[in-house]
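Residues per chain are reported as follows:
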Amino acid sequence: IAVNLSDILSVEKEEVLEKLDKTSRYYVEIKKKVSEDDADKVRKFIKDNQDLKISNYVGIDEATARYYSENIASTVLGFVGDDNQGLSGLELTYEDELTGVSGRVVAAKNANGADMPFSYEKVVDAQPGNSLVLTIDSYIQYVAEKHLETAIINNNVAERGACLIMNVNTGAVLAMATKGDFDCNDPFTLSKEDQATVDELEGDERSQKLAELRNRQWRNKTISDAYEPGSVFKVITAAIGIEEGFATVNTTCNCPGYIVIAGQRYSCHKKAGHGTQNLVQATQNSCNPFFISLGQSIGAATFSKYFKAFGLTEKTGIDLVGEASSQYHSEENMGPTELASSSFGQTFKITPIQLLTAISAAVNGGNLVQPHIVDKIIDSKGNVVKSNTATVKRQVVSKETSKLVCELMEAVVDGGGGQNAYVAGYRIGGKTGTSQKVSEMLGSGKKRLYVASFCGVAPIDNPEIAMLFILDEPQGANYY
């Protein structure tokens, strides 16, 4: 038995013998998840040795396996273990809903496993698990992943990329992409580049790197990785300023190329400065001095109040495991310099899902909605067990403020720094962002560590869809 099973299943003979020697167990598993071809070889081995009654000692159990027909949204779906238990993503989040209840037979046996002289048997039927209907549109997801992967390659991105697309009025996620990711049917296999990195190491160092890279490719960057949003956040600062009466579209400020706050000099990306400009022009130009000045007018107390109101001090509560918390300056620890940097999206970290949810509130009429990825849960007969509908948490800004924010974002695409997003015949709004990973640069001594991003909204005259596109550490010639 040991020799033949070793040969058929590519398992060491000594390992088989060691398992067969465990007589305290009723049975032992020689190998899991064997191919149908190998299973047929075991069946032939049993049949060819009928005179030895091999079937009394060797058997084959059929099992079910989760199979993913399309290799998309892997970090959203997650994957299962050897026993089909959810280990990440929706598989883990909705484990209880998806698994169902196993059937069983309760019977009376003696110590040797034989039937007792009296008959007792009770059959408990299995209960099939439920199914999830997602808000994700498979075509939009495919397109998002396709272009995200292309952008990562073209810009030599070191720390992966992410793309989120969401309905601003309902919070329904239409696409949630992270690249590089993994194959749900083969989640433990690394990319060629990552595997090459692992193969250069040995011993504990190799094991640690293998675990690190596997965990990285399993992470859903859109909800699990907090980052400094940079200038995309100026949409929120503008919304606060307008709502509280500190700014109108006609408010002006002079930009000489820098601004000094409490002895700290902050530069504009245009070294010569933008000169005198109003809020619309400052948003088009993504002018740091203008928004720093606006932030100082708003003040720490009001800024902190709206930072919380936009949902940026807490998790969004999206129905997925692994959502990270934000890191930010509390009101009592926010001095002039912290307020200055926060007003243009630096020195605090939020997740992409937090940012897109906040921007959705800024453009949809002012309502903060709950993002969700499961539309409904259905049972094995197709009956709806639970439905997720749009949940409005609170109104953050007025409809009038929201309308002005939309006008600012449209100006960015139609004549400003986001002109690449312009599409003839469509009204689109957006905001670009390039944030420095300051703490990482200081800690590593490396330079040019940036996060390049863009947030788009359409149609901007009646917002329905918002998207956020992020490239983490582009190493190409142009990181803007």
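Described below are features of the structure shown in this document.

Each value, and the rule that gives it
- Residues numbered from 1 in each chain as written.
- Predicted model: local features only at pLDDT ≥ 70, side-chain atom pairs only at ≥ 80, totals over all residues.
- Heavy atoms only, no water.
- Salt bridge = Lys/Arg side-chain N within 4 Å of Asp/Glu carboxyl O.
- Helix = DSSP H or I, 4+ residues; strand = E, 2+ residues; numbered from the N terminus.
- Buried < 20%, exposed > 50% of the residue type's maximum accessible area, 1.4 Å probe, protein only.
- Pairing = 2+ DSSP bridges.
- Axes fitted to C-alpha atoms, helices over the stretch in contact; angles between N-to-C directions.
- Contact = heavy atoms within 4.5 Å.
- Core = buried A, V, L, I, M, F, W, Y, C linked by side-chain atoms within 4.5 Å.
- Parallel < 35°, antiparallel > 145°, perpendicular 65-115°, else oblique.
- Left-handed = near helix turned anticlockwise from the far one by under 90°.
- Nonpolar A, V, L, I, M, F, W, Y, C, P; charged D, E, K, R; others polar.
- Expected span 1.5 Å × (residues − 1).
- Arc of directions from axis to C-beta.

## Considering the pattern of salt bridges
So, point 1. Taken as a whole, this structure holds 27 salt bridges when the rule is applied.
So, point 2. A salt bridge links Glu145 to Lys179; its shortest N-O distance comes to 3.3 Å. In this pair, Glu145 is assigned in helix 7 (residues 138-154) and Lys179 in strand 5 (residues 173-179), connecting sequence segments 34 residues apart.
So, point 3. In this structure, the salt-bridge partner of Asp225 is Lys221, at a minimum N-O distance of 3.5 Å.
So, point 4. We classify Asp225 as buried; its relative accessible area is 17%.

## A look at the sheet that holds strand 5
Strand pairing in a sheet relies on backbone hydrogen bonds. The paired strands run either parallel or antiparallel.
So, point 1. Taken in spatial order, the five strands line up as 5-4-16-15-14 in an open sheet, and their pairing is antiparallel. If you trace the sheet from one side to the other, it starts and ends with strand 5 and strand 14 (429-436), each paired once. The sheet shows a mean angle of 10° between the axes of neighbouring strands, taken without regard to direction.
So, point 2. Direction of pairing for strand 4 (residues 161-167) relative to strand 5: antiparallel, over a ladder of six bridges. Counterpart to Met166 in the pairing with strand 5 is Val173.
So, point 3. In the packing of helix 16 (residues 352-363) onto the sheet, the strands contacted are strand 4, strand 15 (450-458) and strand 16 (465-472), and the crossing angle to strand 4 comes to about 35°.

## Description of the nonpolar core
So, point 1. Counting 70 residues, the largest nonpolar core has Met176, Phe310 and Ile373 as the members making the most contacts within it.
So, point 2. With sequence-adjacent residues up to four places away left out, Phe310 is seen in contact with Ile236, Ala239, Ile240, Ala358, Ala361, Ala362, Leu368, Val396 and Val397.

## Re the packing of helix 1 (residues 2-9) against helix 2 (residues 13-20)
So, point 1. One can describe the packing of helix 1 onto helix 2 by two numbers: an axis separation of 8 Å at closest approach and a directional angle of 125°. In terms of axis orientation, helix 1 runs oblique to helix 2. Between helix 1 and helix 2 the crossing geometry is right-handed. In this structure, helix 1 contributes Ala2, Val3 and Ser6 to the contact, and helix 2 contributes Lys13, Val16 and Leu17.
So, point 2. Its residues placed into classes, the contact of helix 1 with helix 2 shows four nonpolar, one polar and one charged.

## Side note on the sheet that holds strand 12 (residues 384-387)
So, point 1. Taking strand neighbours across the sheet as the criterion, the three strands line up as 3-11-12 in an open arrangement whose pairing is antiparallel. Only two strands of the sheet have a single partner each, and these edge strands are strand 3 (131-134) and strand 12. Taking the axes of each pair of neighbouring strands and ignoring which way they run, one obtains an average angle of 25° across the sheet.
So, point 2. In this sheet, strand 11 (residues 374-378) lies alongside strand 3 in antiparallel orientation, the contact comprising four bridges. What sits directly across from Ser131, in strand 11, is Ile378.

## Focus on helix 3 (residues 36-48)
So, point 1. Between its first and last C-alpha, helix 3 extends 18 Å over 13 residues, near the 18 Å set by a 1.5 Å rise per residue.
So, point 2. Turning to helix 3, its buried residues number three or more, namely Asp38, Ala39, Val42, Phe45 and Ile46. The arc enclosing the buried residues of helix 3, seen along the axis, measures out at 115°, which places them on a common side. Pointing more than 90 degrees away from the buried face of helix 3 are the exposed residues Glu36, Lys44 and Lys47.
So, point 3. Packed against the buried residues of helix 3 are helix 1.

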